[in-house]
Amino acid sequence: MQSEPETVCKVAISFDRCKITSVTCSCGNKDIFYCAHVVALSLYRIRKPDQVKLHLPISETLFQMNRDQLQKFVQYLITMHHTEVLPTAQKLADEILSQNSEINQVHGAPDPTAGASIDDENCWHLDEEQVQEQVKLFLSQGGYHGSGKQLNLLFAKVREMLKMRDSNGARMLTLITEQFMADPRLSLWRQQGTAMTDKYRQLWDELGALWMCIVLNPHCKLEQKASWLKQLKKWNCVDVCPWEDGNHGNELPNLTNALPQGANANQDSLNRPHRTVFTRAIEACDLHWQDSHLQHIISSDLYTNYCYHDDTENSLFDSHGWPLWHEHVPTACARVDALRSHGYPREALRLAIAIVNTLRRQQQKQLDMFRAQKKELLHKGVTSITNLEGWVGHPLDPVGTLFSSLMEACRVDDESFHGFSDFTENMGQCKSLEYQHLPSHKFLEEGESYLTLAVEVALIGLGQQRIMPDGLYAQEKVCRNEEQLISKLQEIELDDTLVKIFRKQAVFLLEAGPYSGLGEIIHRESVPMHTFAKYLFTSLLPHDAELAYKTALRAMRLLVLESTAPSGDMSRPHHIASVVPNRYPRWFTLSHIESQQCELASTMLTAAKGDVRRLETVLESIQKNIHSSSHIFKLAQDAFKIATLMDSLPDITLLKVSLELGLQVMRMTLSTLNWRRREMVRWLVTCATEVGVYALDSIMQNWFTLFTPTEATSIVATTVMSNSTIVRLHLDCLQQEKLASSARTLALQCAMKDPQNCALSALTLCEKDHIAFETAYQIVLDAATKGMSYTQLFTIARYMEHRGYPMRAYKLATLAMNHLNLSYNQDTHPAINDVLWACALSHSLGKNELAAIIPLVVKSVKCATVLSDILRRCTLTTPGMVGLHGRRNSGKLMSLDKAPLRQLLDATIGAYINTTHSRLTHISPRHYSEFIEFLSKARETFLMAHDGHIQFTQFIDNLKQIYKGKKKLMMLVRERFG
């Protein structure tokens with residue numbers, strides 16, 4: 001940097017057979033890669049070889065010197081560097097002169113400039129300690145500070161080294177793996193039973209995949225492979241070694257065997273050890289490249305056999321005479337990945353083409369086979385899973401490998417085949433094969449290119465019927481891998497050639513029975529096709545709408561949630577039941593799968609706007625296949641939004657679909673708890689309003705199948721009767737009355753069914769119709785004695801008073817009082833205001849009404865302060881100052897010596913006495929002053945009686961006698977009351 005002072009670094013580089021075997025630099029930088037100074041010196045040596053003088057090894061030069069020259073040489077060397085080398089020179093001189101020194105036991109002397117012997121190992125310099133330190137540091141950061149990205153860069157560096165055929169690639173991966181295995185979190189997670197994080201899990205996957213590539217190196221030596229196998233087995237045996245599928249043992253067949261060959265093939269599956277991230281690499285050590293057919297495929301573009309009869313399942317050539325490669329597909333694709341990784345892109349491409357041609361031939365054969373047995377299979381209504389091991393989400397990512405190999409070939413020209421140029425801006429316009437002049441075009445159909453092949457193999461893989469794997473991680477991987485593959489496909493612009501491929505594969509998938517995830521009958525635990533079908537639907541829609549809808553509608557099913565899903569064919573050895581018997585599915589990703597199903601349905605609804613027939617078909621599919629109320633609600637909302645877009649007139653068919661889905665949600669959630677239920681009910685009324693008055697009338701007439709009584713009265717009928725609804729619908733008087741009549745009928749039905757919660761709403765809704773209002777009031781009276789609470793009755797009573805029915809309010813208030821019970825210490829109870837209001841109402845109506853309610857008050861209320869408050873209010877004004885029918889009362893205040901106030905006064909005094917004794921049983925000194933104030937209030941009440949003074953004095957004397965032990969308190973009582 002310009003701002004930094006210039007420093008001089010001393011660099012030394014050792015070479016051996018065109019490799020840098022060691023480096024040192026005085027800069028002190030610690031890194032896995034060479035520092036800038038080492039790189040600078042290397043480049044200088046490469047660019048200006050003449051400037052770096054070449055010498056013989058120093059031992060050769062010394063051999064040519066006589067004794068005097070040797071003495072001169074040593075003395076000059078010491079003089080020039082005397083401070084640095086003198087101690088070492090003195091020590092060596094002493095040792096040489098000593099007969100018994102160690103230095104004299106060895107013949108000759110070392111020469112650092114002479115290089116290694118021909119038999120010695122020679123490899124590029126790699127600072128092993130630094131690699132270990134860096135990996136350890138990144139792992140200790142637990143994925144923070146970009147450490148995950150740094151580890152991925154290290155893996156990328158290993159791949160780069162393999163591609164350059166640098167033998168350090170395996171060494172570096174060994175060092176990385178050792179640090180991964182030593183990560184202390186592994187044992188911690190295993191002890192706690194905790195799953196490792198998703199990003200960390202993916203790093204382990206990449207580690208396993210890299211080892212797979214290394215052991216499949218087509219040109220590695222047998223002893224090299226043996227040492228890797230030994231190392232892999234050692235790691236594999238460690239307790240904490242991560243399992244292949246995250247947290248479950250994977251009971252799938254060995255790499256080299258495609259499927260179990262008999263009904264008993266999997267009986268020992270439960271005893272089999274867990275598959276770890278290294279298991280596949282260990283198994284791959286058994287694979288070799290010596291097969292002559294395989295050698296011909298990868299080494300020649302001209303390997304054909306036009307006389308070959310393509311009549312057996314494992315034919316070496318197809319009907320075109322093109323070579324085929326029959327091997328467990330993930331294993332075959334692992335070979336392609338290994339060839340690419342080790343810098344053999346042409347060979348990888350040749351094998352990839354042979355595999356894709358084999359898959360396409362197999363697909364056609366499977367279709368023919370299914371067509372021959374179709375009637376029998378459909379009649380039985382059973383199916384078998386042909387792939388226990390799906391290719392999408394597989395640890396070896398076979399489809400991704402084939403796809404990227406073919407795409408890479410499509411986007412590089414002949415000269416730069418080893419390069420890595422970016423995707424062209426428009427993949428659809430990617431140069432077709434005929435313009436690339438690549439000889440491999442022999443094995444492609446007319447009009448096909450690497451691009452069409454890549455797209456086709458991706459579609460074949462995505463559409464494969466496969467079993468949902470065990471375990472959260474494996475299931476998430478299926479989803480993630482599928483989405484990654486689709487996102488790569490979405491980067492490609494579809495031209496006519498590619499549309500043909502889409503059409504061909506969509507038809508295949510619909511007709512291929514058990515071999516396809518879109519077949520007519522699938523196993524209930526097949527991986528659903530929603531995400532893939534959504535991509536197919538949007539891709540096909542502009543070109544072939546009929547096929548697009550057929551595909552999407554077929555994919556809508558989610559059999560794992562259906563109780564009547566077709567059972568498997570137990571007689572077939574490949575059936576999943578033979579592998580995992582009686583397993584109830586544990587689909588950890590079910591919520592994601594359901595949301596994808598919902599997305600597919602929403603995409604179809606949007607596309608079908610304006611098409612009545614298609615909308616009806618999509619609606620039927622949703623009602624049949626979607627089992628989650630929240631997703632159906634989302635679809636109802638989506639349909640509503642699409643139907644009522646601002647820039648166009650509402651689509652009435654789509655609005656009806658929206659309403660129909662809304663009604664289904666109401667029925668589904670009616671008897672289950674759902675926190676969004678209130679929102680759903682409000683939305684449904686809004687939707688019905690948009691559809692029209694007949695929809696509102698219909699939901700009110702059928703309320704009992706859709707709503708609870710509370711919802712029907714407080715939300716539905718109330719909203720329907722609001723002014724905003726009337727204005728929104730431009731209703732005439734007749735229509736208004738028809739709706740109002742339905743609302744009143746609903747209100748009365750709800751009040752009968754749930755009077756506690758609906759009575760008040762029913763009264764409000766029936767206000768404008770005398771007969772309905774009387775009926776609602778009678779329902780309240782009937783229910784008052786059977787289960788309505790005092791709170792509900794007081795609320796309705798206050799409403800009655802507010803509406804101008806004081807006697808009815810009074811009647812309900814007396815009924816409410818019968819349900820109330822206030823104990824002596826409930827002086828802040830919320831019902832106190834209702835009691836005071838009821839007494840005030842009775843007082844305003846007249847002496848008789850007050851006389852009738854006071855015994856109820858005395859019976860229900862034991863709280864002294866509340867009773868004294870009522871008593872005080874009753875003595876302040878004359879009862880019934882303006883009575884009913886305008887009749888004026890005498891105007892006299894009521895006497896405390898006569899009923900009903902005498903009864904109230906006695907009850908109040910009695911309450912004060914009882915409360916005092918209750919308080920004194922557990923009083924603490926900090927409450928003494930409060931207690932004295934309480935007695936002062938009690939005295940005020942006592943004094944309202946004509947002999948109250950005497951009563952209160954006796955009461956105080958009594959207290960002093962009973963509680964004489966509480967000396968301090970009694971002293972305070974004496975001070976205040978004598």
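Residues numbered from 1 in each chain as written. Predicted model: local features only at pLDDT ≥ 70, side-chain atom pairs only at ≥ 80, totals over all residues. Heavy atoms only, no water.

The name given to the protein in an unreviewed UniProt entry is SWIM-type domain-containing protein, with Gopherus agassizii as the source organism.

**Some words on the overall build of the protein**
Using the following cut-off: To qualify as a helix, a DSSP run of H or I must reach at least 4 residues; to qualify as a strand, a run of E must reach at least 2; elements of each kind are numbered from the N terminus. Per-residue accessibility takes into account occlusion by the displayed protein chains alone, with areas from the Shrake-Rupley method and a 1.4 Å probe.
For the protein, the count of helices and strands is 42 helices and two strands. Total accessible area on the protein stands at roughly 50,700 Å², and carbon and sulfur atoms take up 54% of it.

**Focus: the pairing of strand β2 (residues 19-25)**
Here is the rule we go by: A strand pair is defined by DSSP finding two or more bridges across the two strands.
Where strand β1 (residues 11-16) meets β2, six bridges bridge the pair, whose relative direction is antiparallel. Across the sheet, the residue bridging to V11 is C25, located in β2. Linking β1 to β2, which pair antiparallel, is a turn of two residues; within it R17 sits at a positive phi near 50°.

**Some details on the packing of helix α9 (residues 198-215) against helix α10 (residues 222-236)**
Working note: a packed helix pair is described by the angle between its axes plus the distance between those axes. Applied cut-off: Axes here refer to lines fitted to C-alpha atoms; in helices the fit is confined to the stretch in contact. Angles between the N-to-C directions go from 0 to 180 degrees. In what follows, roughly perpendicular refers to angles from 65 to 115 degrees, roughly parallel to angles under 35, roughly antiparallel to angles over 145, and oblique to any angle outside these ranges. Note on convention: near helix rotated counterclockwise from far helix by under a right angle means a left-handed crossing. Clockwise means right-handed. Throughout, a residue-residue contact means that at least one pair of heavy atoms, one from each residue, lies within 4.5 Å. Throughout this entry, Asp, Glu, Lys and Arg are counted as charged residues, while Ala, Val, Leu, Ile, Met, Phe, Trp, Tyr, Cys and Pro are counted as nonpolar. The remaining residues, Gly among them, count as polar.
As a packed pair, α9 and α10 sit with axes 10 Å apart at the nearest point and diverge in direction by 155°. Taken together, the axis directions place α9 and α10 in an arrangement best described as roughly antiparallel. Along this stretch, α9 crosses α10, giving a crossing that reads as left-handed. On the side of α9, the interface is formed by W211, I214 and V215, while α10 contributes K225, W228, L232 and W235. Of the residues in the contact of α9 with α10, the class split is six nonpolar, no polar and one charged.

**Describing the packing of aromatic side chains**
The test is simple: When the centres of two rings from Phe, Tyr and Trp lie within 6.5 Å, Trp using its six-membered ring, the rings pair. Their planes under 30 degrees apart give stacked, over 60 give edge-to-face, and anything left gives tilted. Relative accessibility decides the category of a residue: with a 1.4 Å probe and only protein chains considered, values under 20% of the type maximum give buried, values over 50% give exposed, and everything between is partly exposed.
Applying the stated criterion across every chain yields a total of 20 aromatic pairs. Pairing Y303 with F317 gives two aromatic rings, centres 5.2 Å apart and planes at 65°, and the pair type is edge-to-face. With a gap of 14 residues between them, Y303 in the loop between α12 (292-299) and α13 (329-341) and F317 in the loop between α12 and α13 connect regions that are remote in the sequence. Given a relative accessible area of 16%, Y303 falls into the buried group. Of the residues examined, F317 reaches a relative accessible area of 5% and is grouped as buried. Here the aromatic rings of F952 and F955 are separated by 6.2 Å at their centres, their planes lie at 55°, and the arrangement is tilted. Residue F952 and its partner F955 are located together in helix α41 (residues 948-962), separated by three residues, close to a single helical turn. Of the two residues, F952 and F955, neither departs from the other in class, the shared state being buried. Aromatic rings pair up to connect F155, F180, W189, Y200, W204, W211, W235 and F278 into one cluster.

**Regarding the UniProt feature "domain: SWIM-type" (unreviewed entry) in the protein**
This is how the line gets drawn: UniProt positions are given in the numbering used here, feature names are shortened, and annotations may be inferred rather than shown by experiment.
UniProt's entry tags residues 9-46 with the feature "domain: SWIM-type" (unreviewed entry), counted in the numbering of this structure. Split by type, residues 9-46 is 29% helix and 34% strand. Its first and last C-alpha atoms lie 19 Å apart.

**A word on the pattern of salt bridges**
Pairs may arise between side chains of opposite charge once their charged atoms sit close together. Selection rule: Salt bridge, as used here, is a side-chain nitrogen of Lys or Arg placed within 4 Å of a carboxyl oxygen of Asp or Glu.
The final tally for this structure, using the stated rule, is 44 salt bridges. Put simply, K477 and D205 hold a salt bridge, and the shortest N to O gap is 2.9 Å. Residue K477 is found in helix α18 (residues 472-490), and its partner D205 is found in helix α9; the two are separated by 272 residues along the sequence. Note on accessibility: K477 and D205 belong to one class, buried. E448 is paired through a salt bridge with R360; the nearest N and O atoms lie 2.6 Å apart. Placement of the pair is E448 in the loop between α16 (433-436) and α17 (450-462) and R360 in helix α14 (residues 345-380), with a sequence separation of 88 residues.

**Considerations on helix α40 (residues 928-942)**
Selection criterion: To estimate the expected span of a helix, subtract one from its residue number and multiply by 1.5 Å.
Between its terminal C-alpha atoms α40 stretches 21 Å, which fits the 21 Å expected from 15 residues at 1.5 Å a residue. The set of residues buried in α40 consists of Y928, F931, I932, F934, L935, S936, A938, T941 and F942. Packed against the buried residues of α40 are α38 (864-876), α39 (901-921), α41 and α42 (967-977).

**Things to note about a nonpolar patch on the surface**
Going by this rule: Residues forming no salt bridge and having over 30% relative accessible area are the ones grouped into patches, like charges within 9 Å of each other and nonpolar side chains (Val, Leu, Ile, Met, Phe, Trp, Tyr) within 5 Å.
Together, I58, F73, V74 and L77 make up an exposed nonpolar region whose accessible area comes to about 300 Å². The element that contributes the greatest number of residues to the nonpolar patch is helix α3 (residues 67-80), accounting for three residues. Mapped onto the elements of the fold, F73 is located in helix α3. Look at F73 and you get partly exposed, because its relative accessible area is 31%.

**Description of unusual backbone geometry**
In this model, R165 sits at a positive phi of 55°, which is unusual for a non-glycine residue. Its identity is not glycine, yet D397 carries a phi of approximately 45°, on the positive side. Following the sequence through the fold, D397 ends up in the loop between α14 and α15 (398-410). Overall, D397 belongs to the partly exposed group, its relative accessible area being 26%.

**Thoughts on the packing of α39 against α41**
Contact geometry for α39 and α41: axes closest at 12 Å, N-to-C directions at 15°. With respect to each other, α39 and α41 are oriented roughly parallel. Taken as a pair, α39 and α41 cross one another with a handedness that is right-handed. Taking contact as the criterion, the partners of I909, I913, T916, H917 and L920 in α39 are, on α41, Q951, F955, L959 and I962. The residue inventory of the contact of α39 with α41, partitioned by class, reads six nonpolar, three polar and no charged.

**Some words on the side chain of R677**
Put simply, the rule is: Polar contact criterion, stated in full: a pair of N or O atoms within 3.5 Å, where within protein one must be able to donate a hydrogen and the other to accept it, and residues adjacent in sequence count only if both atoms are side-chain atoms.
Mapping R677 onto the fold places it in helix α26 (residues 677-691). The class of R677 is buried, set by a relative accessible area of 7%. A distance of 2.7 Å separates polar atoms of two side chains, one belonging to R677 and the other to E711. In this structure, R677 is in contact with V665, M666, T669, L670, L706, F707, T708 and E711, ignoring residues within four places of it in sequence.

**Digging into the state of the cysteines**
Selection criterion: In what follows, a disulfide is any cysteine sulfur pair within 2.5 Å.
All told, the structure shown has zero disulfides when counted by the stated rule. Cysteine C874 is unpaired, with the sulfur of C839 as its nearest cysteine sulfur at 6.1 Å. Using a relative accessible area of 3% as the deciding quantity, one classes C874 as buried.

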